[in-house]
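# Coordinates in review
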Amino acid sequence: MANSRSGDSMTERIVRVLDTFTTERTMQTATEIAERTGLPSSTAHRIVGDLVAAGLLERDEEMRIRLGMRLWELALRGSSALRLRQAALPHMEQVQTVIREHTQLAVLEHEEALFLERLSHPDAGANITRIAGRLPLHASSSGLVLLAHADPALRERVMSLPLRAVSQETVTDAGVLRRLLTTIRRQGFVVAPGSIERVSTGVAVPVRNRGEVVAALSVVLPRESAPAPAVDALLAAARGIEQELGSGR
Ligand code: PHB
């Protein structure tokens, strides 16, 4: 693969272009993309043109660029995320029917919780999670469950870094976090009131595949709601998903 003068490969330059898209920034002009990549403008424009021609990016009538449907199609094909989502969906719907609040499925990805699915309810409260969006491990209920069951080396690395306060109630002390993770492993769920937003409580449980935690299933409740029914519904759903995953369907 040809390297540029700055030493990055063509693949790295393509990834820099794709990485300028976020859950909040879904449409950009080619010039904005070029500026955000830091690549020479002509290089960035050429890569954008090539990706549009290949269908990995799409350009609308106003010349704004978005990620292409073909990229979505390729990303989902045979991915473990899709299999997990398919196994989880019927059980998430069950939780949804009983609890009538947002229900999410997240996996550990590059030291963050990445959300694969979110079901909402018309009357549900506030929720900042987005499908294909991320939340910090130490600050979200899903993240706490994933961190509690993560490889010890990853856990220590996360705890050695500054723990950013997302809200006034986010756990930012490594010692407190360590004890909380031990409790999560022992009790099998977490209730995290106000960790991300003062008005909500995140409740999350682990989902295992052949004994290994592969995801977190969570609901976001209004702060005043009692968490016990959500804990019960999530634990039952996690067991259902685990049976589905174990059966290899
Ligand atoms: C959580 O998982 O703790 C959580 C997620 C989204 C929110 C609030 C809490 O909006």
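Definitions and cut-offs
Residues numbered from 1 in each chain as written. Predicted model: local features only at pLDDT ≥ 70, side-chain atom pairs only at ≥ 80, totals over all residues. Heavy atoms only, no water. Helix = DSSP H or I, 4+ residues; strand = E, 2+ residues; numbered from the N terminus. Buried < 20%, exposed > 50% of the residue type's maximum accessible area, 1.4 Å probe, protein only. Contact = heavy atoms within 4.5 Å. Areas by Shrake-Rupley, 256 points an atom, 1.4 Å probe, with all protein chains shown as cover. Lys, Arg positive; Asp, Glu negative; His and termini not counted. Charge placed at Lys NZ, Arg CZ, Asp CG, Glu CD. Domains from an automatic or database assignment. Core = buried A, V, L, I, M, F, W, Y, C linked by side-chain atoms within 4.5 Å.

Time to look at the overall build of the chain. A tally of helices and strands in the chain yields nine helices and eight strands. With the principal axes as the frame, the chain shows a C-alpha extent of 55 × 40 × 35 Å. Taking all 249 residues of the chain together, 44% fall into the buried category. Sequence-distant contacts, at least 24 apart, represent 52% of the contacts inside the chain between residues at least 6 apart. Of the roughly 13,300 Å² of accessible surface on the chain, 52% is carried by carbon and sulfur atoms. One finds the centroid of the 30 positive side-chain charges in the chain at a distance of 3 Å from the centroid of its 29 negative side-chain charges.

Here we take up the domain arrangement of the chain. Structurally, the chain comprises domain 1 (10–75) and domain 2 (80–247). In this structure, domain 1 and domain 2 have C-alpha centres spaced 31 Å apart.

The next point concerns the nonpolar core. Ranked by internal contacts, the top residues of the largest apolar core, which has 27 residues, are Leu105 and Leu217. At the level of secondary structure, the elements contributing two or more residues to this core comprise α5 (80–99), β3 (102–109), β4 (112–119), β7 (200–209), β8 (212–222) and α9 (228–246). Per element, the largest residue contribution to this core is eight residues, and it comes from α9. Sequence-distant contacts of leucine 217, defined by excluding residues within four places in its chain, comprise Met92, Gln104, Leu105, Val203, Ala204, Val205, Val207, Leu234, Ala237, Ala238 and Ile241. Residues Ala139, Val145, Leu154 and Ala192 belong to the second largest nonpolar core, which totals 25 residues.

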